[in-house]
Amino acid sequence: MKSATLTNGRFYRRKAMNFFMNSLAWASALMAVTPVLLIFFYTVGKGASYIDLDFFTHMPRPVGEPGGGMANAILGTLILLGLGSVVGLPIGILAGIYLAEFGRNKFGEVVRFMTDVLSGVPSIVVGVVAYTLVVLPMKQFSALAGGVALGILMIPTVTRTSEEMIRLVPDSYREAGLALGIPQWKTTLRIVLRTAFTGITTGVLLAMARIAGETAPLLFTALGNRFWSTAIDQPIASLPVFIYDYAKAPFEDWNNQAWAAALVLIFMISILSFTIRFVTRSRFQND
Amino acid sequence: MEEETIVENPRSQEQTGDVVSVGSDLLSGVTDKRRVRKYNLGDLLFKNLTVLFAVVVLMLVLLMAFEMYDGSKLSFQEFGTGFVTSSSWDPVEEDYGALPFMYGTIVSSLLALLIALPLSVGVAIFLSELAPSWVERPVSFMVELLAGVPSIVYGLWGIFVLVPWIRKTVEPFLSDHLGFLPLFRGAPYGFGMLAAGMILAVMILPIIASISRDVLRSVPRLQREAALAIGATQWETTRIVLRDSRSGILGATMLGLGRAIGETMAVTMVIGNRPEISFSLFDPGYTMASVIANEFTEATTEMYINALIEVAFILFVITIVVNMLARLLVWSATRKWK
């Protein structure tokens, strides 16, 4: 009798423990989702009413004058993304090709490891390096320096996704090309890369989505600019730095514009992510 | 041996018969240097081009280290190891020590881990063991969304939503109930170590959660079935899965730690930016990343810039060590079952 109640007690204790721990897991999932909802709720709630056509077509106004926009910052962000791509994509994609096609050796392992290391380097540190590499020799803050910093930040993502996507191309494709007597480099460029194209595009978009919101490496490379500028050897405005400056400012109007800018930035990044989802989905449907 | 003779002297074999001569033609096509070049020039160029860019990636890390070493020579010579033990940061007197920043970085990151780790493991368990797929998918999506929000937007949200909430609700509550601890003393500013730790926790949660989820999923189904078959409850089964994924979760945690250590904008916007070492989490602090972000453009003297670059160098070394350990752990953990 006694032993029966003992096992019963243990049984209920185990049941209770099971219920308790499972509830904790559910609760933590709920808590993890809350900040996402809060951030989107606030960004849309506070930013949406400040967005109108002027916001995209006008320049920032001086303090005290309400209204105005950030056309220059939007343009600046696009230019910086372009410069970053010019710096980062060739290095990233070619290194990715090396790793996928020739990198099954010790040196490949080392490069792969270094790519991982590079992806862990804080963006602010990359900014410092871009400062010593570009700003100091040019004696000037410039869009180019910002582009170099962003380009370095793109490299790990582009390299690893390119490698993985090129690896996915079946070897029979390569063998078919070689069997026709096409040299290997042409097989790689014309057959393998073309097959992996959507995959590599995904990696590129992913890297762009990552760097579009980067602020820290731009603070002392691209610096920021309150005027219209497209010159790559001059300081240039960007949405993230704009948000930073306007969020810190003690003017309510500016703070509200910071929210609006954040909304535009999130919107831009969402477009990139949705394109990625679209590209990958149509890819898998084809297969 | 026979094949070698064919290769060396293809013509002599042509007389011996039809079958052999076909074989010898093929072989001679590959090896006869007069007719076919051993390497295609295009192949040689293309391969070496890709090798070159692989070397660029490799050299980039070394170049970064060198640039920062070179850029911080002055302060390294002036302060030596005193740089990491001194807590004075005085641009007027040109006296620099990085201890308050290192303290701020370590404390804010550990605080973030303390908050984020249990939550992330909970989320990972939920996603991999418990949730039906119609719940799992949207939650996974939202967690990934959380990872995609730029740091600056977290900072904006931190300034205008999180900090006021901490000032009005969290800090009064903590000082009322746990005020006997030195951790929770002082005036509730809102801006400070606690705010930094909390915002970092939100930011690293998706990283730790999604990697831990993958690690949990890599545990073979048989482990769970065996446990369930001998009458274990869901939680007891989960415990076994957790025990098998310890090192992977540790690796995920280290990756989160690496991210927290290097995180700049959000922290800079909420930590209060005061280079002091205080045990109270209510007090403002400063981190290595945020001092660089705040003062780099203002640094006017050579020594000032050198000192800031040295801070960046220390940050670089710390994050690299943390990341290497993390990669090693995650790698060995997911490889275990293959």
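Residues numbered from 1 in each chain as written. Chains lettered and ligands numbered in written order. Predicted model: local features only at pLDDT ≥ 70, side-chain atom pairs only at ≥ 80, totals over all residues. Heavy atoms only, no water.

Caption draft 1: Quick look at empty space enclosed by the protein. Residues and elements named next belong to chain A. Under the definition given, this model contains four cavities of 30 Å³ or more. In terms of lining, the largest cavity is formed by Thr-77, Leu-80, Leu-81, Leu-150, Ile-211, Ala-212, Glu-214, Leu-218, Ser-238 and Pro-240. The set of elements that each furnish at least two residues to the lining of the largest cavity consists of α3 (71–102) and α9 (197–212). Here the element with the most residues in the lining of the largest cavity is α3; it accounts for three residues. The class makeup of the residues in the lining of the largest cavity is seven nonpolar, two polar and one charged. (1 Å grid on protein atoms, 1.4 Å probe; cavity = no way out; pocket = protein on both sides within 12 Å on 5 of 7 lines; lining within 4 Å. Points joined across faces, edges and corners; volume = space filled by probe spheres on them. Helix = DSSP H or I, 4+ residues; strand = E, 2+ residues; numbered from the N terminus. Nonpolar A, V, L, I, M, F, W, Y, C, P; charged D, E, K, R; others polar.)

Caption draft 2: Structural context of the packing of aromatic side chains. Under the criterion given, the structure shown has 24 aromatic pairs over all chains. On the basis of an interplanar angle of 40° and a centroid distance of 6.3 Å, the ring pair of A:Tyr131 and A:Phe141 is categorised as tilted. Of this pair, A:Tyr131 sits in helix α5 (residues 123–138) while A:Phe141 is found in the loop between α5 and α6 (143–168), placing the two residues ten residues apart along the sequence. Of the residues examined, A:Phe141 reaches a relative accessible area of 23% and is grouped as partly exposed. With a centroid separation of 6.1 Å and an interplanar angle of 50°, the aromatic rings of B:Phe184 and B:Phe282 are classed as tilted. Here B:Phe282 lies in the loop between α14 (265–270) and α15 (288–295) and B:Phe184 lies in the loop between α9 (151–178) and α10 (193–218), a separation of 98 residues in the sequence. Residues B:Phe184 and B:Phe282 agree in their burial class; the two are buried. Through a chain of ring-to-ring contacts, the aromatic side chains of B:Phe79, B:Phe83, B:Trp89, B:Tyr96, B:Phe101, B:Tyr286 and B:Tyr304 assemble into a single cluster. (Phe/Tyr/Trp six-rings, centres within 6.5 Å; stacked < 30°, edge-to-face > 60°. Buried < 20%, exposed > 50% of the residue type's maximum accessible area, 1.4 Å probe, protein only.)

Caption draft 3: Spatial organisation of the interface of chain B and chain A. Listed as interface residues are 73 residues of chain B and, on the opposing side, 75 residues of chain A. Approximately 6,700 Å² of surface area, both sides summed, lies buried where chain B meets chain A, with 83% of it carried by carbon and sulfur atoms. When residues of chain B are sorted by the area they lose upon contact with chain A, B:Phe46, B:Trp157 and B:Trp235 head the list and together hold 10% of the total. If you look at where chain B meets chain A, you find three salt bridges. For A:Asp116, the salt bridge is made with B:Arg327, and the minimal N-O distance between the two is 4.0 Å. Run the count over chain B and chain A and you get ten residue pairs in polar contact (both at pLDDT 80 or more). A per-element tally of the side of chain B that touches chain A places helix α4 (residues 41–71) of chain B first, with 19 residues. (Contact = heavy atoms within 4.5 Å. Buried area = accessible area lost by both parts, 1.4 Å probe. Salt bridge = Lys/Arg side-chain N within 4 Å of Asp/Glu carboxyl O. Polar contact = N/O pair within 3.5 Å; in protein donor to acceptor, adjacent residues only side chain to side chain.)

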